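Listed below are the residues making up each chain.
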Amino acid sequence: MNSDESPMGPHSLEQRLRQLEAIHRSLGEQIAALRLMQEQFGLGTFYGTIEIPPPYGKETKTATGDPAPYSLSAPAGQPDLLATPKPAEPAGEPPVKPKAAKQKPEVPAMSLDEAKRIILDGYVLDHPGNADRLLKTLVFRLLDGSVKGFKSKDLPASRIVARSMLEHSGIRSTGQGFNDGRLRGLMRKYVPFEPITSIRRLPR
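Predicted model, so just to flag it, every value in this text is computed and none were measured.

Trainee: I tried to follow a nonpolar patch on the surface on my own but got confused; where do I start?
Mentor: A contiguous nonpolar surface patch, about 520 Å² in accessible area, is contributed by L13, L17, L20, I23, L27 and I31. With respect to the element layout, I31 can be found in helix 1 (residues 10-40).

Dropping the structure here:
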C-alpha cells in the first residue's frame, strides 16, 4: 500500500493545510472587521496595528517591504480619536483681561505757599528776619537726608520749594535726571545762603 493511498497522504495533508489557512485568513478578516466596528461605534479605544500572522511556513509581503495584508491602524480607522478637542468656553461670561501693571501713586499737587508752611511747621525763629534762611536750610537738609537714605514726609514739599528757588535763579529744575541729589547740588551752586546751625523745633 503506497503512501499516496493512505488516509493522511501528501494530497490529503496539503488539502487540510489549505483548509486551515483559509479558516485562519477568514478569522483574521472577521477580527479586523470587528475591531473596525468597535472603533467606529465607540465601544473601546484601540491603539496600534492589527497584523494577521502569515500562514505556517510562508512569508508575507512584509518581508519584501510591502504593507502587511489585513492591517488596521487607529488613525486610518478613526483619525478623530487622536485630535484633542479644545474645551468650550462658557457662554455669557466675558473673557478675562490681563491686569494692567500697577502704577506708582502720584504725589498730590500742592501750592508753593502750602509747601513752605509744611516745611516750616513747628520750627522756631530766633530772629524774625531769618525766615528765608531757615527755609533754605530745612530744604537743603531734607534733600541731603534723602540722598543719604533718610526719607521724610516733608520731602515732597521740599522738592517743590527747591525747584521754585532754582527757577527763580534762572535754572531749569524739572525733567529727567533732576533727582534729590541733583536738586541739592544745584541749590548749593545757584542758591547761596548761610545755613543755620542751631535750629529749634517744637513737637508737632
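Trainee: What is the right way to read the packing of helix 4 (residues 131-147) against helix 5 (residues 155-168) from this model?
Mentor: At a minimum axis separation of 9 Å, helix 4 and helix 5 run at an interaxial angle of 120°. Viewed along their axes, helix 4 and helix 5 adopt a mutual orientation that is oblique. Crossing hand, helix 4 versus helix 5: left-handed. Where helix 4 abuts helix 5, its residues L135, K136, V139, L142, L143 and S146 lie against L155, S158, R159, V161, A162 and M165. Here the residues of the contact of helix 4 with helix 5 sort into 8 nonpolar, 2 polar and 2 charged.

Trainee: Can you help me understand the packing of helix 3 (residues 112-120) against helix 4 in this one?
Mentor: Geometry of a packed helix pair, given as the angle between the helix axes and the separation of the axes. Between helix 3 and helix 4, the least distance of the axes is 10 Å, while the angle of their chain directions is 80°. Taken together, the axis directions place helix 3 and helix 4 in an arrangement best described as roughly perpendicular. Mapping the contact onto sequence places K116, I119 and L120 in helix 3 and L134, L135, L138, V139 and L142 in helix 4. Partitioned by chemical class, the residues of the contact of helix 3 with helix 4 number 7 nonpolar, no polar and 1 charged.

Parameters and conventions
- Residues numbered from 1 in each chain as written.
- Predicted model: local features only at pLDDT ≥ 70, side-chain atom pairs only at ≥ 80, totals over all residues.
- Heavy atoms only, no water.
- Patch = residues over 30% accessible without salt bridge, like charges linked within 9 Å, V, L, I, M, F, W, Y side chains within 5 Å.
- Areas by Shrake-Rupley, 256 points an atom, 1.4 Å probe, with all protein chains shown as cover.
- Salt bridge = Lys/Arg side-chain N within 4 Å of Asp/Glu carboxyl O.
- Helix = DSSP H or I, 4+ residues; strand = E, 2+ residues; numbered from the N terminus.
- Axes fitted to C-alpha atoms, helices over the stretch in contact; angles between N-to-C directions.
- Parallel < 35°, antiparallel > 145°, perpendicular 65-115°, else oblique.
- Left-handed = near helix turned anticlockwise from the far one by under 90°.
- Contact = heavy atoms within 4.5 Å.
- Nonpolar A, V, L, I, M, F, W, Y, C, P; charged D, E, K, R; others polar.

Everything listed here is a matter of coordinates, which is why it stays silent on function.
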